[in-house]
Amino acid sequence: MPVDAIVIETLAPEAASNAIPALVEILRDSVANGASVGFMAWNTPEDYRGFWTGVIDEVGAGRTVLLIARLAGEIVGTAQLQLIGKPNQPHRAEIAKVLVHSSARRQGLGEKLMRAAEDAAHNAGRTLLVLDTDEAGAARRLYGRLGWTEVGTIPRFALMPDGRDCGSTFFYKTIG
């Protein structure tokens, strides 16, 4: 499918609430396919639903920007821009949970989500972005290709869904 068939949207709380079933499925699929995204293989759809409900609360409070990617009208990807609220960090934001359903990978959705997150950060007056990712994951190559600077890897930072150790590689990017 052509890249221009991908539509990126920013969701307000009500629209995000309506998107919970699709977001739960994207998270479930990511964990089932081995992504280290904060959940384990034993987590349930209710756990994922609770996670997304918390994200929607953060969207409503103005602390998170929730992005989705649609392909042929279906929600198949998501990313979050978490606006740091500390008094000494009004210039910073973190990108989190960049997830693309396995059925829609390798079509440019991750890149479009990242570019939209960077644009949202710029529009929010943020000039320094940070993120972390699984040291062995494909996303690491994407971030490098998009001009992010790799800082380093912390071994055993998290666990993979099956319980194996997972190092996390940290990146930053200056924008604006």
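On a predicted model such as this, the values are computed, not experimentally measured, just so you know.

1. A look at the layout of surface pockets
- Volume-wise, the largest pocket comes out at about 1200 Å³.
- Those elements that provide at least two residues to the lining of the largest pocket are β4 (92–100), α4 (109–123), β5 (128–134), α5 (139–145), β6 (149–159) and β7 (165–174).
- Take the lining of the largest pocket: its biggest share by element is 7 residues, from β4.
- For the lining of the largest pocket, a count of residues per class yields 21 nonpolar, 11 polar and 9 charged.

2. What to know about unusual backbone geometry
- A positive phi angle is found at R106, which is not glycine, with a value near 65°.
- By secondary structure assignment, the location of R106 is in the loop between β4 and α4.
- Given a relative accessible area of 79%, R106 falls into the exposed group.
- In this model, R156 sits at a positive phi of 55°, which is unusual for a non-glycine residue.
- Inspection of the secondary structure puts R156 in strand β6.
- Looking at R156, the relative accessible area reads 62%, which means it is exposed.

3. Looking at helix α3 (residues 45–60)
- Helix length check: α3, at 16 residues, gives a terminal C-alpha distance of 22 Å against a target of 22 Å (1.5 Å per residue), a fit within 8%.
- Among all positions of α3, only Y48, W52, V55, I56 and V59 are buried. The buried residues of α3 all sit within an arc of 100° when viewed along its axis, so they share a single face. Facing away from the buried side of α3, by more than 90 degrees, are the exposed residues E46, D57 and G60.
- Packed against the buried residues of α3 are β1 (6–11), α1 (13–18), α2 (20–32), β2 (64–71), β3 (74–83) and β4.
- Downstream of α3 by a residue or two, G62 has a phi angle that is positive, lying close to 80°.

4. Some points on the packing of aromatic side chains
- Scanning the entire structure with this criterion turns up 6 aromatic pairs.
- Between the aromatic rings of F39 and Y48, the centroid separation amounts to 5.2 Å while the plane-to-plane angle is 80°, which identifies the pairing as edge-to-face.
- Exposure remark for F39: the relative accessible area of 11% places this residue in the buried category.

5. Section: α4
- Taking 1.5 Å per residue as the helical rise, α4 with its 15 residues ought to reach 21 Å, and the 21 Å between its terminal C-alpha atoms agrees with that figure.
- Of the residues making up α4, those classed as buried are L109, G110, L113, M114, A116, A117, E118, A120 and A121.

6. Topic: the environment of D165
- Along the polypeptide, D165 turns up in strand β7.
- Classification of D165 as partly exposed rests on a relative accessible area of 44%.
- Each C-alpha atom of the pair D165 and W52 lies 25 Å from the other, and the pair is 113 residues apart in sequence.
- Contacts of D165, omitting those with residues within four sequence positions, involve R156, A158, L159 and M160.
- A polar contact is formed between the side chain of D165 and the side chain of R156, at a distance of 2.8 Å.

Definitions and limits used
- Residues numbered from 1 in each chain as written.
- Predicted model: local features only at pLDDT ≥ 70, side-chain atom pairs only at ≥ 80, totals over all residues.
- Heavy atoms only, no water.
- 1 Å grid on protein atoms, 1.4 Å probe; cavity = no way out; pocket = protein on both sides within 12 Å on 5 of 7 lines; lining within 4 Å.
- Points joined across faces, edges and corners; volume = space filled by probe spheres on them.
- Helix = DSSP H or I, 4+ residues; strand = E, 2+ residues; numbered from the N terminus.
- Nonpolar A, V, L, I, M, F, W, Y, C, P; charged D, E, K, R; others polar.
- Buried < 20%, exposed > 50% of the residue type's maximum accessible area, 1.4 Å probe, protein only.
- Expected span 1.5 Å × (residues − 1).
- Arc of directions from axis to C-beta.
- Contact = heavy atoms within 4.5 Å.
- Phe/Tyr/Trp six-rings, centres within 6.5 Å; stacked < 30°, edge-to-face > 60°.
- Polar contact = N/O pair within 3.5 Å; in protein donor to acceptor, adjacent residues only side chain to side chain.

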